[in-house]
Amino acid sequence: MPQTSPSRMMQFRLRLRHSLMGPHVLAFLPALALAGFWLGGESVLLLVALGVPVLFSLAGGFNFDTAVGASPGRKTDLTDAHGAVAMADQALEQAGQSSMATACILVDIEGFEALENRFGDATVQTARDLVLGRLRTLLRKDDIAVRIGDARFMVLLGPALRLDLEALLQISNRLQSALEEPASIDGTTQCLSAALGFCSSVRLADSATGQDMFAAASAALTEALANGPSAIRAWTDSIKAARSARQSLRGEAARALENGQIQPWYQPQLCTSTGRVSGAEALVRWIHPERGVIAPKQFLETLEEDGRMQRLSEVVLAHALTALRGWDRAGLDVPRVSVNFSMSELRNPRLVEALKWEIDRHDLTPQRLGVEVLETVIAETTDGIIVRNIAALAKLGCQIDLDDFGVGHASITSLRRFAISRLKIDRSFVTRVDRDEDQRRMIAAILGMSDRLGLETLAEGVESVGEHALLAQLGCDHVQGFGIARPMPAEQLVTWIRAHNSRIADTPPLDRHSS
Ligand code: C2E
Ligand code: MG
Ligand code: MG
C-alpha cells in the first residue's frame, strides 16, 4: 500500500494542534480574556471567548497524549483490552485527521512466570515497571506504551509520515534489543525475552477501527509466539488469509464433529527389539468434503475456544476403541491404541467414568488403551482434578505416555506423581540423531535417565532408516514416524500391518545394543 502524504491543510492543522493544545493553553485563557477586554472592550472579550474554542475544534480537539496519558505525570500504566482498543481508536483517529500513519505494536514478555516462581509477585512487578520504563525511554513524546496484561504491553505510535514494514521492523528490533538487555532486578541479573507483533494503519482499510488494528497486531503476535520466544512478526496478507480461513472453518467445525467428518487416523508404533507393531496413535483429522484432509493444528484451537474438546475426546475414544476391535477381529496383533488428551479434556470430572464405560462397551481391557498427556500439561498443572484424573486412569490400568518429552520442563518428581509409564521423546531430539553428535548425546542421556527410573521410551518423528537404526542401538524401546508410516485411516492400517508383518518375517529385526 502506498504511503499517504498529508495535505497542506492537514499539516497546518497538525502544527496548530501541537502549538495550541494541552493544559498550558487553559492557563493562559483568563489572561487572554482580561487583556482582550482591557485593550478592545467587550467585543474583543467575546472574540477571545468564542475564538479559542473554535481554534480548538479546528485543531481537532485535545491531543491524545494529554488525554490518555503519555504526558509526564499522567501515565496510564495498565489498561484492559477494552481500554487498549479505545486507545487504538484514538490513535487511528488522530493519525487519520492529519492523513498520517500510526501503528500498534504488541509485546509479550517471556520470563515473568519463572521470576514469579523464584522471587514472588513484587519482583515481577519491578520487572513490569522496568519493561514499561525501557519502552517509554525509547519512544517519542507522541507515542504511548501501556501494559495490557500480565506479560503483555502495547505501544501505539503517534502520527508519522512513514510507517511501512521496514520502518516498523527497525522500531520493533530496537524495542526488542532494549527489552532483552540483561537487567538488575531486586539484586539479581535477569534476561527476559520479548516477542513482538505489529500492524501499521497503512496496511488497513480506511474504514478500519481501533479494534481492527488491535486484532491485527494480536494475530501478528500470535504468529510471533508460535515461532519462538524472541520472534517479530508483521500483520501480513498471509496471516490475514490464514485468520479468515480459520474463522470460516470455525462455524463448520462443530457440525463436522457431529457428522463424522472429524475422526482419527492411526500411526503405527514399532517395538525396536522385535520390529513388530507395539501400538497405534490416534491422530485426529478433518476429512473435509471440499478442502480435503485438514490437520489438527488448523481446527483444534477453534474446538478448544468453542468448548468442544470434551466432545472431541468422546468421538476420538469411541473411534479408537472401535478400530482396535476391528484390528482384533482381522486377526492382527495391535497391543494398544493411544489417544491424546488436552488439558481441557483432562479437566473433565467425569472423564474416568466415561472412559471406563466406553472400554467396557467395546469389551476391551484398560491395558489396551494408552493416554498421551503433553509434558507441558504435567509441568504446568497445579489443578487437582487433572492430577486425580491421570492418577485414576493409571490405576485403572491405562498406560500414561508423556508426549513431546524434552520440551516441557516436567520435573522428575512429577513423572512419579503422575504415574507416567513411557516417555515419548520429542521429534526435535530425534531429527538427525544418526548424524549429529549433540543429538546422540542428548538421546543417550534421556534413555539413561528413563532406564534408571524404570520408564519405557518411544522416539517420535523418526524419518529415516539411519535414525531408526541408531535409536534401536541406543536402546530406545519404541519408534514412530513418517520413516515407518504416516498416519492413515483405520482400515488402511490393516493392509499396512499385514505387509509389514510379512516384511519382517523375511528380514531380521534391527540390532539393539550392538554398539
Ligand atoms: P503429537 O501427539 O505429538 O503427534 C505427533 C505429530 O507428529 C502428529 O501430527 C504426526 O502426524 C506428526 N508426525 C509423526 N511422525 C512424524 C515425522 O516423522 N515427521 C514429522 N514432521 N511429523 C511427524 P498431527 O497429527 O498433525 O498432530 C499434531 C498434534 O495435534 C499432536 O501432536 C497432538 O498434540 C494434537 N492432536 C492430534 N490428535 C489429537 C486428538 O485427538 N486430541 C487432542 N487433544 N490432540 C490431538
Ligand atoms: Mg501424541
Ligand atoms: Mg508428540
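Residues numbered from 1 in each chain as written. Chains lettered and ligands numbered in written order. Predicted model: local features only at pLDDT ≥ 70, side-chain atom pairs only at ≥ 80, totals over all residues. Heavy atoms only, no water.

**As for the overall build of the protein**
For the protein, the count of helices and strands is 21 helices and 16 strands. A burial count over the protein gives 48% of its 515 residues as buried. For the protein, the share of sequence-separated contacts (at least 6 apart) that also reach a separation of at least 24 residues comes to 69%. With the model as given, the accessible surface of the protein reaches about 25,300 Å², and the carbon-plus-sulfur share is 55%. (Helix = DSSP H or I, 4+ residues; strand = E, 2+ residues; numbered from the N terminus. Buried < 20%, exposed > 50% of the residue type's maximum accessible area, 1.4 Å probe, protein only. Contact = heavy atoms within 4.5 Å. Areas by Shrake-Rupley, 256 points an atom, 1.4 Å probe, with all protein chains shown as cover.)

**Quick word on helix α20 (residues 465-474)**
Taken together, the buried positions of α20 are Glu-467, His-468, Ala-469, Leu-470, Leu-471 and Ala-472. Where α20 is buried, its residues touch β8 (262-271), α18 (427-430), α19 (437-453), β15 (456-459) and β16 (478-479). Positive phi shows up at Gly-475, right after α20, with a value of about 100°.

**Section: the nonpolar core**
If you look at the biggest cluster of nonpolar residues, it comprises 77 residues, and the most contacted ones within it are Ile-262, Tyr-266, Trp-327, Leu-369, Leu-471 and Trp-496. Counting residues per element, this core draws most heavily on helix α12 (residues 309-329), at 10 residues. Setting aside residues no more than four positions away along its own chain, Leu-369 makes contact with Leu-317, Leu-321, Arg-336, Val-337, Val-339, Leu-355, Ile-359, Cys-398 and Gln-399. Grouped together as the second largest cluster of nonpolar side chains are 33 residues, Phe-153, Leu-157, Ile-171 and Leu-196 included. (Core = buried A, V, L, I, M, F, W, Y, C linked by side-chain atoms within 4.5 Å.)

**A short note on the coordination of the magnesium ion (ligand 2)**
Glu-281 (OE), Asn-340 (OD1), Glu-372 (OE) and Asp-403 (OD) make up the full set of protein donors to the magnesium ion (ligand 2), lying at 2.0 to 2.3 Å. Read N to C, the donor residues that coordinate the magnesium ion (ligand 2) are spaced as E-x58-N-x31-E-x30-D. Metal-to-metal, the separation of the magnesium ion (ligand 2) and the magnesium ion (ligand 3) is 4.1 Å; Asp-403 coordinates the two. Note that Glu-281 is positioned in strand β9 (residues 277-288) and Asp-403 in strand β13 (residues 399-405), a separation of 122 residues in sequence. (Donors = N, O, S within 2.8 Å, 3.2 Å for Na, K, Ca; no water.)

**Comments concerning the pattern of salt bridges**
For the coordinates displayed, the defined rule picks out 19 salt bridges. With its nearest N and O atoms 2.9 Å apart, the salt bridge here joins Asp-143 to Arg-140. Its relative accessible area of 7% is what places Asp-143 among the buried residues. Among the residues examined, Arg-140 registers a relative accessible area of 44% and is labelled partly exposed. Arg-162 is paired through a salt bridge with Glu-166; the nearest N and O atoms lie 3.9 Å apart. (Salt bridge = Lys/Arg side-chain N within 4 Å of Asp/Glu carboxyl O.)

**Some words on the coordination of the magnesium ion (ligand 3)**
Ideal values differ by geometry: the angle at a metal is 109.5 degrees with four tetrahedral donors, but 90 or 180 degrees with six octahedral donors. Binding of the magnesium ion (ligand 3) to the protein goes through Asp-403 (OD), Asp-404 (OD), Glu-460 (OE) and Glu-460 (OE), at separations of 2.0 to 2.5 Å. Written as a sequence motif, the donor residues of the magnesium ion (ligand 3) are D-D-x55-E. Judged by its relative accessible area of 25%, Asp-404 falls in the partly exposed class. Exposure remark for Glu-460: the relative accessible area of 11% places this residue in the buried category.

**Notes on the confidence of the model for the protein**
Per-residue confidence for the protein averages 86 on the pLDDT scale, and 84% of its residues sit at or above 70. Across residues 1-27, confidence stays below pLDDT 50; counting only partners more than four residues off in sequence or on other chains, it has 48 contacts. This stretch, residues 53-74, has a pLDDT under 50; its non-local contacts, to residues over four places away or in other chains, come to 50 contacts. (pLDDT = per-residue confidence, 0-100.)

**Quick look at a negative patch on the surface**
A grouping of Glu-113, Glu-116, Asp-121, Asp-150 and Glu-380 is seen on the molecular surface, where their side chains present a negatively charged patch. Assignment of secondary structure puts Glu-116 in helix α6 (residues 112-119). A relative accessible area of 37% places Glu-116 in the partly exposed class. (Patch = residues over 30% accessible without salt bridge, like charges linked within 9 Å, V, L, I, M, F, W, Y side chains within 5 Å. Lys, Arg positive; Asp, Glu negative; His and termini not counted. Charge placed at Lys NZ, Arg CZ, Asp CG, Glu CD.)

**So, the site of ligand 1**
Arg-285, Asn-340, Asp-403, Glu-463 and Phe-482 are the nearest of the 24 residues found near ligand 1. Take Arg-427: an N or O atom from its side chain is 3.1 Å from a nitrogen atom of ligand 1. Side-chain polar atom of Glu-463 to a nitrogen atom of ligand 1: 2.5 Å apart, as the coordinates give it. At the level of secondary structure, the elements contributing two or more residues to the shell around ligand 1 comprise β9, α12 and β13. Tallying contributions element by element places β9 first for the shell around ligand 1, with four residues. Across the shell around ligand 1, the residue classes break down as 10 nonpolar, five polar and nine charged. (Near = heavy atom within 4 Å. Polar contact = N/O pair within 3.5 Å; in protein donor to acceptor, adjacent residues only side chain to side chain. Nonpolar A, V, L, I, M, F, W, Y, C, P; charged D, E, K, R; others polar.)

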